[in-house]
Amino acid sequence: MERLPRDVVLDILSRLPVTTLAQSKSVCRSWQSIIQGSVLVDKHLSRMSEPKNDPCIIFQSPPPLLDHYYFVDFAAYSERHKRLKSFWVSTMHGKLVASSNGLLCFCSSSAIHICNPLTRDSVQLPKLSSDPAELGILGFGFSPTTKEYKVLDIIYQRQRLSSDSHLAPFQSKVQIFTLGDSQWRSLGMAPYQFIARQSQVTASGRLHWISQPGEDLMKDRIISFDLTAEQFQAVPLADHVTLNRRFFELVALRGHLCVAASNASCGLDIWVMKEYNVKESWVKEFIIGGYLPKELRSTNGRIPFFKPDFRVVCSFKDGKILLKLWRKDLVLYDPVHEKFEDPMFEGALQWHEMVVHVGSLVSI
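Cut-offs applied
Residues numbered from 1 in each chain as written. Predicted model: local features only at pLDDT ≥ 70, side-chain atom pairs only at ≥ 80, totals over all residues. Heavy atoms only, no water. Helix = DSSP H or I, 4+ residues; strand = E, 2+ residues; numbered from the N terminus. Buried < 20%, exposed > 50% of the residue type's maximum accessible area, 1.4 Å probe, protein only. Contact = heavy atoms within 4.5 Å. Areas by Shrake-Rupley, 256 points an atom, 1.4 Å probe, with all protein chains shown as cover. Patch = residues over 30% accessible without salt bridge, like charges linked within 9 Å, V, L, I, M, F, W, Y side chains within 5 Å. Salt bridge = Lys/Arg side-chain N within 4 Å of Asp/Glu carboxyl O. Phe/Tyr/Trp six-rings, centres within 6.5 Å; stacked < 30°, edge-to-face > 60°. pLDDT = per-residue confidence, 0-100. Pairing = 2+ DSSP bridges. Axes fitted to C-alpha atoms, helices over the stretch in contact; angles between N-to-C directions. Core = buried A, V, L, I, M, F, W, Y, C linked by side-chain atoms within 4.5 Å. 1 Å grid on protein atoms, 1.4 Å probe; cavity = no way out; pocket = protein on both sides within 12 Å on 5 of 7 lines; lining within 4 Å. Points joined across faces, edges and corners; volume = space filled by probe spheres on them. Nonpolar A, V, L, I, M, F, W, Y, C, P; charged D, E, K, R; others polar. Parallel < 35°, antiparallel > 145°, perpendicular 65-115°, else oblique.

**Student:** Teacher, can you tell me more about the overall build of the protein here?
**Tutor:** Tallying secondary structure elements over the protein gives four helices and 26 strands in all. For the protein, with 364 residues in total, the buried portion stands at 46%. When contacts within the protein are restricted to residue pairs at least 6 apart in sequence, long-range pairs at least 24 apart make up 50% of them. Accessible area for the protein stands at about 18,700 Å²; split by element, carbon and sulfur atoms hold 50% of it.

Next up, the structure:
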């Protein structure tokens with residue numbers, strides 16, 4: 001390797017799975033210097049973020065071990081059995097909020113943390129002044145234009161009771177924090193109210209949520225926040241997109257914004273926005289049938305497959321889609337052969353939260 005040009009060495013190392021790259025730091029001091037350098041870190045993160053590469057997945061252990069995590073690097077293993085790597089990060093037992101560009105965001109009742117789970121680097125953000133009666137939604141993302149990580153805090157505060165004793169609507173206030181700054185900035189009021197359950201999805205440099213329905217149940221249901229312009233905007237849905245109004249979820253697959261909606265046959269339709277923010281570019285790309293978890297296949301009982309907390313997790317370069325069932329089971333779906341299979345993990349897996357992650361050695 002020492003005889004190779006530096007550009008060639010950087011190109012070779014940038015193609016390695018992040019777990020292999022982290023282990024390579026111990027080969028010698030020169031490798032450690034190259035691997036920890038910003039040039040390789042940026043080049044590796046950019047390559048691993050490409051849709052053609054498989055992601056990592058991080059699982060957070062259930063209470064009371066919220067600071068204990070499992071890491072699966074799907075790019076590192078081609079075989080069916082995936083190896084679980086256990087690690088510990090001190091985040092004051094915070095809830096796993098989101099992953100973005102190699103970093104994780106955690107939130108507890110007392111603090112918000114940003115950390116890199118592979119390097120163990122972490123930073124605690126300045127505290128927010130929130131009333132216990134307020135309901136909040138956090139967003140975390142990376143602006144590819146400004147190269148900045150940002151945390152968005154949206155607080156809904158119910159107003160006083162109206163004269164007829166009915167509950168008045170929520171008001172909202174929005175604050176944003178740029179990693180590296182010393183304080184939060186106010187963005188005023190949010191024109192939308194997002195659903196309470198987790199629905200954040202990142203695509204095209206924007207955060208996305210599902211909003212509460214108005215009089216027109218499907219109007220302005222998908223809302224984006226541009227991390228560069230720091231503005232909210234409704235994402236258009238084509239007229240031909242048919243969704244179950246009671247349940248649909250957002251997901252990002254291979255870099256595209258998608259909507260997963262339950263259908264009449266107890267299955268799932270996945271609509272893909274082929275060209276971002278172009279209304280007529282929505283295409284129904286997958287139709288997934290029902291599935292019975294392996295522990296119930298020997299029985300004749302029938303259970304509903306799709307529950308409100310079911311979601312599509314991610315897709316892989318071989319075309320398979322990882323699904324999370326309502327019982328927190330995981331299953332792989334092969335859309336080519338229309339078959340399901342159970343992913344096998346080496347080691348016990350019990351988890352409370354999970355997030356799709358691009359592993360990186362980026363420093364905070």
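**Student:** Just checking my understanding: could you explain a nonpolar patch on the surface for this structure?
**Tutor:** Together, L4, V8 and I12 give the surface a local cluster of nonpolar side chains, amounting to about 210 Å² of exposed area. Note on placement: L4 falls in the segment before α1 (6–13).

**Student:** Whenever I open this one, the packing of aromatic side chains confuses me. Can you help?
**Tutor:** Aromatic ring pairs are described here by two measures, namely the spacing of the ring centres and the angle between the planes. Evaluation of the coordinates by the stated rule reveals seven aromatic pairs. By the ring-pair criterion, three or more aromatic residues cluster together here, those being F194, W209, F225 and F232.

**Student:** Would you explain the confidence of the model for the protein in this entry?
**Tutor:** The predicted coordinates ought not to be read in detail in places where the model reports low pLDDT. When pLDDT is averaged across the protein, the result is 79; 76% of the residues are at 70 or more. When the criterion is pLDDT under 50, residues 295–309 qualifies, and its contacts beyond four places in sequence or with other chains add up to 30 contacts.

**Student:** What am I meant to see in the pairing of strand β23 (residues 330–334) here?
**Tutor:** Counting buried positions along β23 gives five out of five residues, so the element sits mostly inside the fold. Hairpin connection of β23 to strand β24 (residues 339–341): four residues between the antiparallel strands, including E338 at a positive phi of 55 degrees.

**Student:** Explanation requested: the side chain of S143 in the structure shown.
**Tutor:** Along the chain, S143 turns up in strand β9 (residues 135–143). The residues contacting S143, other than those within four sequence positions of it, are E148, L227 and T228.

**Student:** What's the story with the sheet that holds strand β6 (residues 103–107) in this structure? I'm lost.
**Tutor:** In any sheet, the strands associate via hydrogen bonds between backbone groups, in a parallel or an antiparallel arrangement. Spatial strand order, β5-β6-β7-β8: four strands in an open sheet with antiparallel pairing. Each of the sheet's edge strands pairs with one partner strand only, and the pair in question is β5 (95–100) and β8 (122–124). Averaged over all neighbouring strand pairs, the angle between strand axes comes to 20 degrees, with direction disregarded. As paired elements, strand β7 (residues 112–115) and β8 share three bridges and run antiparallel to each other. When the sheet's bridge partners are listed, H113 is paired in β8 with Q124.

**Student:** For this particular structure, what's the right way to read the sheet that holds strand β14 (residues 206–210)?
**Tutor:** Across the sheet, four strands lie side by side as β13-β14-β15-β16; this open sheet has antiparallel pairing. Both edges of this open sheet fall to β13 (201–203) and β16 (231–234), since each of them pairs with a single strand only. On average, each strand axis in the sheet is inclined to that of its neighbour by 30 degrees, with strand direction left out of account.

**Student:** When you look at the pattern of salt bridges in this model, what are you seeing that I'm missing?
**Tutor:** Where charged atoms of side chains with opposite charge meet at close range, the side chains can pair. Enumeration according to the criterion identifies ten salt bridges in this entry. For D11, the salt bridge goes to R15, with nearest N and O atoms at 3.1 Å. A residue is classified by how much of its surface remains accessible, and D11, at 25% relative accessible area, is partly exposed. Three or more residues are tied together by salt bridges with common partners; here these are E148, K150, R185 and E230.

**Student:** Whenever I open this one, the nonpolar core confuses me. Can you help?
**Tutor:** Generally speaking, soluble globular proteins have nonpolar side chains that are buried together. One finds I58 and F140 to be the most contacted residues of the largest nonpolar core, which totals 36 residues. Top contributing element to this core by residue count: β6, with four residues. Among the nonpolar cores identified, the runner-up in size contains 19 residues, and A203, L257, W271 and Y276 belong to it.

**Student:** How do you make sense of empty space enclosed by the protein when you look at a structure like this?
**Tutor:** Gaps left between atoms show up when a probe the size of a water molecule is rolled over them. Summed over all chains, the structure comprises one cavity of 30 Å³ or more. By volume, the largest cavity amounts to about 70 Å³. P17, V18, M48, D54, P55, C56, D73, A75, H357, V358 and G359 are the residues that line the largest cavity. Grouping the constituent residues of the lining of the largest cavity by class yields seven nonpolar, two polar and two charged.

**Student:** Can you help me understand the packing of α1 against helix α3 (residues 29–36) in this one?
**Tutor:** It is at 11 Å that the axes of α1 and α3 come closest, and there the two elements cross at 70 degrees. Here α1 is positioned roughly perpendicular relative to α3, judged by the angle of their axes. Residues R6, V9, L10 and L13 of α1 form the contact with α3, whose participating residues are W31, I34 and I35.

**Student:** Could you clarify how one ought to interpret unusual backbone geometry in this entry?
**Tutor:** Excluding glycine, residues mostly carry a negative phi; peptide bonds, for their part, are mostly trans. The residue N101 is not glycine, and still its phi comes out positive at about 50 degrees. Assignment of secondary structure puts N101 in the loop between β5 and β6. Of note in this structure, R120 is not a glycine but carries a positive phi near 70 degrees. Within the secondary structure, R120 sits in the loop between β7 and β8.

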